[in-house]
Amino acid sequence: MKILGIDPGLAIVGFGVIEKSNNNFTAIDYGVISTPKDDTFPQRLTTIYQCVGDLIDTFKPDAIAIEELFFMKNITTGIPVSHARGVILLACYQKTRNIFEYTPMQIKLALTGTGSADKHQMQYMTKSILNLETIPKPDDAADALAVAICHGQTNQLLVDNLIK
């Protein structure tokens, strides 16, 4: 199963594409979509929309996993990111209906066994699960890979429970 993981943002959208075969995960590609700060807001959203569509066309994922947004303090700064996330969901929905959303806590729990894992623990587990030599950079790409792994882990748990 090929999974596209997405870490939403306005300035930077992280993406990670993994292949899950049995219980093994392999990184296919990862990186970021960057939008220029000087572009207008609609231009930035258009760039995100087009690039996400291109990723789906290029990798043809079986599933797309997207991180849900979580704001503890200042929701005002989160509103533009929410717009970007909406554009990402639209681009994904137009290409496939296999979209899955995970909270940060669910992602941490799937990778580390605890919902309160810190960034370092998450990066280490992402590197370890994907058998990478180094921690993926930039952080947004590593986060997107973690979202994809979360879906692979969660999907496996659902399958295992159905079999029992």
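Going by the structure above, here's the rest.
Residues numbered from 1 in each chain as written. Predicted model: local features only at pLDDT ≥ 70, side-chain atom pairs only at ≥ 80, totals over all residues. Heavy atoms only, no water.

Structural notes on unusual backbone geometry
The omega torsion across Lys 137 and Pro 138 is -5°, close enough to zero to call that bond cis. Structurally, the position occupied by Pro 138 is in the loop between helix H4 (119–129) and helix H5 (139–163). Unlike most non-glycine residues, Lys 60 shows phi in positive territory, near 45°. Here Lys 60 shows up in the loop between helix H1 (41–59) and strand S4 (63–67). On the basis of relative accessibility, which here comes to 59%, the residue Lys 60 falls in the exposed class. (Helix = DSSP H or I, 4+ residues; strand = E, 2+ residues; numbered from the N terminus. Buried < 20%, exposed > 50% of the residue type's maximum accessible area, 1.4 Å probe, protein only.)

Here we look at the sheet that holds strand S1 (residues 2–7)
Strand pairs in the sheet, formed through backbone hydrogen bonds, run parallel or antiparallel to each other. What the five strands build is an open sheet, ordered S3-S2-S1-S4-S5; its pairing is mixed. The sheet terminates laterally at strand S3 (24–34) and strand S5 (99–102), the two strands that pair on one side only. Sheet twist, expressed as the average angle between the axes of neighbouring strands with direction ignored, equals 20°. As paired elements, strand S2 (residues 12–21) and S3 share ten bridges and run antiparallel to each other. The residue bridging Gly 16 from the neighbouring strand is Tyr 30, located in S3. H1 contacts S1, S2, S3 and S4 of the sheet and is inclined by roughly 155° relative to S3. Here helix H3 (residues 104–112) sits on the sheet in contact with S4 and S5, set at roughly 90° to S5. (Pairing = 2+ DSSP bridges. Axes fitted to C-alpha atoms, helices over the stretch in contact; angles between N-to-C directions. Contact = heavy atoms within 4.5 Å.)

Focus on the pattern of salt bridges
For the structure shown, the criterion picks out four salt bridges. Between Lys 95 and Asp 57 there is a salt bridge, with its nearest N and O atoms 2.9 Å apart. Separated by 38 residues along the polypeptide, Lys 95 in helix H2 (residues 75–95) and Asp 57 in helix H1 bring together distant segments of the chain. Between Lys 137 and Asp 139 there is a salt bridge, and its shortest N-O distance comes to 3.5 Å. (Salt bridge = Lys/Arg side-chain N within 4 Å of Asp/Glu carboxyl O.)

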